Amino acid sequence: MSDVFKGSFTQQEPIPEEGIAAALEVMRHGRLHRYNLAPGEAGEVALLEEEFAAFTGARYALAVASGGYALSTALRALGVGPGDRVLSNAFTLAPVPGAIAAVGARPVFVGVTERLTIDLADLEAKAGMADVLLLSHMRGHIADMDRLMAICEAAGVTVVEDCAHTMGAAWRGVPSGRHGRVGCYSTQTYKHMNAGEGGLLVTDDDEVMARAVILSGSYMLYDRHRAAPPEEVFARVKYDTPNISGRMDNLRAAILRPQLRRLPEQCAAWTARYRTVEEGLRGTPGLTVIERAAKESFVGSSIQVLLLDWADAAIEEVVARCKARGVELKWFGGPEPVGFTSRYDSWRYAASDPMPETDRILRGILDMRLPLTFSLADCAQIARIIRAEVGAVYQNG
Ligand SMILES: *Cc1c(COP(=O)(O)O)cnc(C)c1O
């Protein structure tokens, strides 16, 4: 087997030329701070917010310093505070329990199903334990949002959506981030738009957005926002809302605006790569492909498969053999959080009860990024390599 993949799993596409030109212009005029505007100028950040609100169909949008900042700001704007409990996914990444910890609250972890979505039966059972669900659409897998919202509405639970992996995705045609009260997105390099860092928050709720704007560090310059509620809403909340600076700057927004314009094509390109890998892996003995719901329009910027009920050593062998052939798989079953993987029980700041059903799934998850620098032929080659190595280990085991 001499077939070795040579591509880089962490290499993104370049910033579009239009974004580079816009960034140069911001640097040439020097007004990088979002509120530093020439007379009559809207500023790149305010324009990005207006365009992102239109893209998602939200009334309001706020651009901030990171996706994690957007999450903690959403929780704070909803009044979550020290000692409160917040429902959240057991299958997620560190910034999600981190955002809960940032406001002094504690997560109540909800299990994961074999489809890698939040376990709605477990959610229903735990819904009485908190007022807010911080729902992570982890790795782009979207739960049945109609059922989820019905469960949360019946229990009086407010939903904040973590759309770090679902920017541009939808459930039943409704954009991800528009089912709950607040949607949060990341524009960090490994997400669907790349500004290095950054985040966005959308909502239709007047007071939540007014608080979020002030929280983000608006220095009472909120009238320079174009996708925010009217002055009287700010007047109601401005003396009770602290300034916890986490603004986005005009340079990042300048890079993002052209990316937003081409986001739908980018999403389609990711999903074509996903489908190519999925097709190549389907039917591999011992390997479970995640079946996607017909109502889910997902963005295939990464792919996950399950080696359910395999011995740890056998999974480690698959990972090692694939790595030797240039294919980087991340395993969610490892005892230590490594790179971007983590487990709900990794965090000593967030106590958790054992979740055996969830542990069984997590132990089987293999995860792989699909950057747009990969061609469809690359994706087919990657699938062939994984199929061969899973097959080799499965036969020996
Ligand atoms: C990346 C990510 C975030 C936000 O990340 P930032 O690095 O703070 O922008 C939130 N949730 C998940 C699941 C993520 O992967």
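For every chain, the first residue of the written sequence is number 1, and numbering continues from 1 onward in sequence order. Only residues with pLDDT of at least 70 are given local features in this predicted model, and only at 80 or more are side-chain atom pairs given and counted; all residues enter the totals for whole chains, interfaces and linings. For side-chain calculations, the full set of non-hydrogen atoms in the structure is used, while hydrogens and water are omitted.

Draft legend 1. Molecular detail of the overall build of the chain. For the chain, the count of helices and strands is 13 helices and 14 strands. Computation of the radius of gyration draws on C-alpha atoms, with the globule rule given as 2.2 Å multiplied by the number of residues to the power 0.38. Relative to the 2.2 N^0.38 estimate, which gives 21 Å for 397 residues, the radius of gyration of the chain is 21 Å and therefore close to what a compact globule would have. Overall, the chain is about 70 × 50 × 35 Å in size when its C-alpha atoms are taken along their principal axes. For the chain, the residues scored as buried account for 56% of the 397 residues in total. By the criteria applied, helices consist of DSSP H or I runs no shorter than four residues and strands consist of E runs no shorter than two, each listed in order from the N terminus. Partly exposed describes any residue whose relative accessible area lies between the buried limit of under 20% and the exposed limit of over 50%, with all areas from a 1.4 Å probe on protein chains only and scaled to the type maximum.

Draft legend 2. Region of the structure containing the site of the ligand. One heavy atom within 4 Å of a molecule or strand is enough for the residue carrying it to be called near that molecule or strand. Around the ligand sit 15 residues in total, of which G68, D162, H165, S186 and K191 are the nearest. G67 places a main-chain nitrogen or oxygen 2.8 Å from an oxygen atom of the ligand. The fraction of the free accessible surface of the ligand (380 Å²) that becomes covered by protein chains is 91%. Within the residue set of the shell around the ligand, elements represented by two or more residues are α3 (67-77) and α4 (95-102). Residues were grouped as follows: Ala, Val, Leu, Ile, Met, Phe, Trp, Tyr, Cys and Pro as nonpolar; Asp, Glu, Lys and Arg as charged; and all remaining residues, including Gly, as polar. Residue composition of the shell around the ligand, by class: four nonpolar, nine polar and two charged. The definition of a polar contact used here is a pair of N or O atoms within 3.5 Å, where within protein one atom must be able to donate a hydrogen and the other to accept one, and adjacent residues in sequence count solely through side-chain atom pairs. To be clear on the numbers: accessible area is Shrake-Rupley with a 1.4 Å probe, and residue cover counts the displayed protein chains and nothing else.

Draft legend 3. Molecular detail of helix α9 (residues 250-261). Between its terminal C-alpha atoms α9 stretches 17 Å, which fits the 16 Å expected from 12 residues at 1.5 Å a residue. With respect to burial, α9 is a largely interior element, 10 of its 12 residues being buried. N250, L251, A253, A254, I255, L256, R257, P258, Q259 and L260 are the residues of α9 that are buried. Between two residues, a contact is recorded if the distance between any of their heavy atoms is within 4.5 Å. On its buried side, α9 packs onto α1 (17-29), α2 (44-56) and α10 (263-281). Expected helix span is computed as 1.5 Å times (number of residues minus one).

Draft legend 4. Local environment of the nonpolar core. If you look at the biggest cluster of nonpolar residues, it comprises 45 residues, and the most contacted ones within it are L123, L133 and L148. Ranked by residues supplied to this core, first place goes to helix α6 (residues 145-155) with five residues. Where each domain starts and ends follows an automatic or database-derived domain assignment. Here this core spans two domains, and each of domain 1 (17-261) and domain 2 (263-396) adds at least three residues to it. Other than its neighbours up to four places away in sequence, L123 contacts L87, V110, L133, L148, I151 and C152. Core analysis: the second largest hydrophobic core is formed by 34 residues, V64, Y69, V80 and I214 among them. In plain words, nonpolar cores are sets of buried Ala, Val, Leu, Ile, Met, Phe, Trp, Tyr and Cys residues tied together by side-chain atoms within 4.5 Å.

Draft legend 5. Main features of the packing of α9 against α10. Between N-to-C directions, angles cover 0 to 180 degrees, with each direction set by a line fitted to C-alpha atoms, over the stretch in contact for helices. One can describe the packing of α9 onto α10 by two numbers: an axis separation of 5 Å at closest approach and a directional angle of 65°. The angle between α9 and α10 falls in the class roughly perpendicular. On the side of α9, the interface is formed by Q259, L260 and R261, while α10 contributes L263, P264 and E265. When its residues are assigned to classes, the contact of α9 with α10 shows three nonpolar, one polar and two charged. We call two directions roughly parallel when the angle between them is under 35 degrees, roughly antiparallel when it is over 145, roughly perpendicular when it lies between 65 and 115, and oblique otherwise.

Draft legend 6. Region of the structure containing the side chain of R273. For R273, the location among the structural elements is in helix α10. The positive count covers Lys and Arg only, the negative count covers Asp and Glu only, and His and the chain ends enter neither. Every case where a carboxyl oxygen of Asp or Glu lies within 4 Å of a side-chain nitrogen of Lys or Arg is listed as a salt bridge. Despite its burial, R273 pairs with no opposite charge; the closest candidate is E13, at 6.8 Å N-O. Sequence-distant contacts of R273, that is, excluding residues within four places in its chain, are made with L370, P371, L372, F374, S375, L376 and C379.

Draft legend 7. Molecular detail of the sheet that holds strand β13 (residues 330-331). The sheet built from four strands is open, its strands ordered β10-β12-β14-β13 with antiparallel pairing. If you trace the sheet from one side to the other, it starts and ends with β10 (288-289) and β13, each paired once. Two strands qualify as a pair provided DSSP detects at least 2 bridges between them. Of the pairings in the sheet, the one linking strand β12 (residues 302-306) to strand β14 (residues 365-369) comprises five bridges and is antiparallel in character. Residue pairing for β14: Q304 is matched across the bridge by D367. Packed onto the sheet, helix α12 (residues 356-364) meets β12, β13 and β14 and runs at close to 45° relative to β14.

Draft legend 8. Spotlight on the packing of aromatic side chains. The criterion for an aromatic pair is that two Phe, Tyr or Trp rings (for Trp, the six-membered ring) have centres within 6.5 Å, with stacked assigned to planes under 30 degrees apart, edge-to-face to planes over 60 apart and tilted to the rest. Tallying each qualifying case throughout the model produces 11 aromatic pairs. Judged by centre distance (5.6 Å) and plane angle (55°), the ring pair of F109 and Y344 falls under tilted. Within this pair, whereas F109 is found in strand β3 (residues 106-110), its partner Y344 is found in the loop between β13 and α12, the two being separated by 235 residues in sequence. Just as F109 is buried, Y344 falls in that class too. Should the NZ of a Lys or the CZ of an Arg lie within 6 Å of a ring centre and within 35 degrees of the ring normal, that charge is described as sitting over the ring. The lysine or arginine in question, R292, covers the ring of F298, its NZ or CZ lying 3.9 Å from the ring centre. Looking at R369, its charged tip hangs above the ring of Y190, at a distance of 4.4 Å from the centre.

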